[in-house]
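Survey of secondary and tertiary structure
Here are the chains, one letter per residue:
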Amino acid sequence: MKKLTWILLLVLLMAACGGGPGGGPSSDSEASSDAGAESSGEVQLADELSVYNWSEYIDEEKLAEYEETYGVDIIYDTFASNEDLLAKLQAGAEGYDVIFPSDYMVANMIDLGLLAEIDTADIPNFANIDPQFANAPFDPGNAHCVPYQWGTTGIGYQASNEFFQENPPDSWAYLFDPALLEKYADDGVNVLNDPRELPGAALIYLGYDPNTTNPDELNEARDLILTAKPYWKTFNSEDYDDSLLIPGEVTLTQGWSGDVANAYWSTYDDETEDGDWYYSIPQEGAVKWLDNICITASSERYDTALHFMNYLLDAEVGAAITNFTYYASPNLAAQEFILDEILQDESIFPPDEVQDKLVWLTQVGEDSFLYDELWTAVKSSQ
Ligand code: N2P
């Protein structure tokens, strides 16, 4: 959105509400934006904005475009899991303004008082969001966050692997069953370095709820993981498509839909008209997730954060992000700008019969220590 349009919208909003735009628990102390806004009708943006996102999860050209258009320097940093993000904030990291937690972590962070409140009426581009992704149970009324991207957690595998040509991985057994792993473990297997996703896949394979807090079920999942662990080469959820999948350092991975689609297109061969990385949602089911854009409660650049949030929800910006990350966009207005190869890719936009097998991770509240214990046991075993 052009700056002029943004200013006009703010003027209209202020006329309607009789107040400054944004508001919320903290305002831009650096810029005294609310006072400036009231007198001039314009939000004074801060000089800098600190953004903390999943790795490989934005088109950096869109960050540069925001910086150039609005004169705001973005300090950009990445994390590998929701738990890493939480740990960073709980360790007292100050200064992050905009963060991107998933569904269940939004619920956790609301309970912990880590997120600022928002009013979607202050975010004109919120109207672009597909209603099915708005007002999610983890954040009723979008009182804290807006949807960013969504996807699934399945299995990526190398199409060129002879074993997989005869036996396409259609089950989590391909990640956990030693009898199968023996056939291809020498070519490398990667799992997500993620304390909810890996146990979640093990629990689904065992026929349990990936949100269980039953200690017996969690122990069974832990033992399954420990049995399979010697066959795995790497725990990587950060740069595994670039460092492991595309160069063929592994032949099978637990993976997120967009990362595997990215590996497919990066290995695409014009002659064979095919890529070397396929994605499968195992027959037992899989996790789906929705990542969100939120403002930290400690942000001192609230209005600028809100302005950036609105920018990310612009239809063309949303489409550019999906065209770069290969993750599905909850931005309905963005669809017309999304590449056909993405819109038609069932590994990115799963058909209804696959959707029926997908489950959300939910917060486990004070029982999260059970997952912490499981994860410590998994990571510390030799
Ligand atoms: C992309 C990160 C995907 C986020 N590298 C999974 N919630």
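Placed above this text is the structure.
These notes cover the structure that comes with them. What you see is a predicted model, and the numbers here were worked out from it, not measured in a lab.

Attention now goes to the state of the cysteines. In the structure shown here, the tally under the stated rule is one disulfide. Each disulfide pairs two cysteine sulfurs, and for cysteine 145 the partner residue is cysteine 294, the sulfurs being separated by 2.2 Å. The S-S bond linking cysteine 145 to cysteine 294 shows a torsion near 110°; that makes this disulfide right-handed. A residue pair is termed long-range when its members are at least 10 positions apart, and cysteine 145 in strand E4 (residues 145-158) and cysteine 294 in strand E9 (residues 286-295) qualify at 149 residues.

Our next topic: empty space enclosed by the protein. This model, assessed by the stated rule, comprises six cavities of 30 Å³ or more. Every element with two or more residues in the lining of the largest cavity is listed here: helix H5 (103-111) and E9. Top element by residues in the lining of the largest cavity is E9. It accounts for four residues. By residue class, the composition of the lining of the largest cavity is eight nonpolar, four polar and eight charged. Looking at which domains feed residues into the lining of the largest cavity, each of domain 1 (43-150 + 290-348) and domain 2 (152-288 + 359-380) supplies at least three.

Attention now moves to the side chain of glutamate 197. Tracing the sequence through the fold places glutamate 197 in helix H9 (residues 197-205). No salt bridge forms around the buried glutamate 197; measuring N to O, its nearest opposite-charge neighbour arginine 196 is 8.3 Å away. In this view, glutamate 197 contacts Thr153, Leu192, Gln254, Trp256, Val287, Trp289 and Leu361; residues no more than four positions away in its chain are not counted.

The next thing to look at is the pairing of E9. Of all ten residues making up E9, ten are buried, and the element is well covered by its neighbours. On E9, burial covers both faces: Ala286, Lys288, Leu290, Asn292 and Cys294 on one face and Val287, Trp289, Asp291, Ile293 and Ile295 on the other are all buried. Alignment of strand E3 (residues 98-99) against E9, held across two bridges, turns out to be antiparallel. The residue of E9 that forms the bridge with isoleucine 99 is cysteine 294. As paired elements, E4 and E9 share eight bridges and run antiparallel to each other. Of the residues in E9, the one forming a bridge with glycine 151 is tryptophan 289. Of the strand pairs in this sheet, E9 and strand E10 (residues 358-360) are connected by three bridges, and their pairing is parallel. From the neighbouring strand, lysine 288 faces E10, where its bridge partner is tryptophan 360.

Take a negative patch on the surface next. A grouping of Asp84, Glu238, Asp239 and Asp242 is seen on the molecular surface, where their side chains present a negatively charged patch. Secondary-structure assignment places aspartate 242 in helix H11 (residues 240-245). When its relative accessible area of 47% is taken as the criterion, aspartate 242 is described as partly exposed.

A word on the packing of helix H10 (residues 215-228) against helix H17 (residues 368-380). Two numbers describe how H10 lies on H17: the axes approach to 10 Å, and their chain directions differ by 20°. The angle between H10 and H17 falls in the class roughly parallel. Helix-helix and strand crossings are classified by hand; for H10 and H17 the assignment is right-handed. Of H17, the residues touching H10 (which contributes Leu218, Arg222, Ile225 and Leu226) are Leu370, Tyr371, Leu374, Ala377 and Val378. When grouped by side-chain class, the residues that make up the contact of H10 with H17 number eight nonpolar, no polar and one charged.

Let's shift gears to the site of the ligand. Around the ligand sit Trp54, Ser55, Glu56, Tyr57, Ser102, Trp256, Asp259, Trp289, Asp291 and Tyr327, and that is every residue in its neighbourhood. In this structure, serine 55 approaches the ligand through a main-chain N or O atom, which is 2.8 Å from a nitrogen atom. Taking aspartate 259, its side chain carries an N or O atom lying 3.2 Å from a nitrogen atom of the ligand. With respect to the detected pockets, the ligand is housed in the largest cavity. When its residues are assigned to classes, the shell around the ligand shows five nonpolar, two polar and three charged.

Below, the discussion takes up the packing of aromatic side chains. What the rule picks out here adds up to 30 aromatic pairs. Here tyrosine 70 and tyrosine 311 contribute two aromatic rings whose centre-to-centre distance is 6.4 Å and whose plane-to-plane angle is 80°, an arrangement assigned as edge-to-face. Placement of tyrosine 70 in helix H3 (residues 60-70) and of tyrosine 311 in helix H13 (residues 302-312) is noted, with a sequence separation of 241 residues between them. By relative accessible area, tyrosine 70 is classed as buried at 7%. For tyrosine 311, a relative accessible area of 5% gives the class buried.

The residue leucine 361 is located in the loop between E10 and H17 in this model. Each C-alpha atom, one on leucine 361 and one on lysine 288, is 7.7 Å from the other, the two residues being 73 residues apart in sequence. Non-local contacts of leucine 361, meaning those with residues more than four positions away in its chain, are made with Asp103, Tyr104, Arg196, Glu197, Pro210, Asn211, Val287 and Lys288.

Conventions adopted
Residues numbered from 1 in each chain as written. Predicted model: local features only at pLDDT ≥ 70, side-chain atom pairs only at ≥ 80, totals over all residues. Heavy atoms only, no water. Disulfide = S-S within 2.5 Å. Helix = DSSP H or I, 4+ residues; strand = E, 2+ residues; numbered from the N terminus. 1 Å grid on protein atoms, 1.4 Å probe; cavity = no way out; pocket = protein on both sides within 12 Å on 5 of 7 lines; lining within 4 Å. Points joined across faces, edges and corners; volume = space filled by probe spheres on them. Nonpolar A, V, L, I, M, F, W, Y, C, P; charged D, E, K, R; others polar. Domains from an automatic or database assignment. Buried < 20%, exposed > 50% of the residue type's maximum accessible area, 1.4 Å probe, protein only. Lys, Arg positive; Asp, Glu negative; His and termini not counted. Salt bridge = Lys/Arg side-chain N within 4 Å of Asp/Glu carboxyl O. Contact = heavy atoms within 4.5 Å. Pairing = 2+ DSSP bridges. Patch = residues over 30% accessible without salt bridge, like charges linked within 9 Å, V, L, I, M, F, W, Y side chains within 5 Å. Areas by Shrake-Rupley, 256 points an atom, 1.4 Å probe, with all protein chains shown as cover. Charge placed at Lys NZ, Arg CZ, Asp CG, Glu CD. Axes fitted to C-alpha atoms, helices over the stretch in contact; angles between N-to-C directions. Parallel < 35°, antiparallel > 145°, perpendicular 65-115°, else oblique. Left-handed = near helix turned anticlockwise from the far one by under 90°. Near = heavy atom within 4 Å. Polar contact = N/O pair within 3.5 Å; in protein donor to acceptor, adjacent residues only side chain to side chain. Sits in = over half its atoms within 2 Å of the grid points. Phe/Tyr/Trp six-rings, centres within 6.5 Å; stacked < 30°, edge-to-face > 60°.

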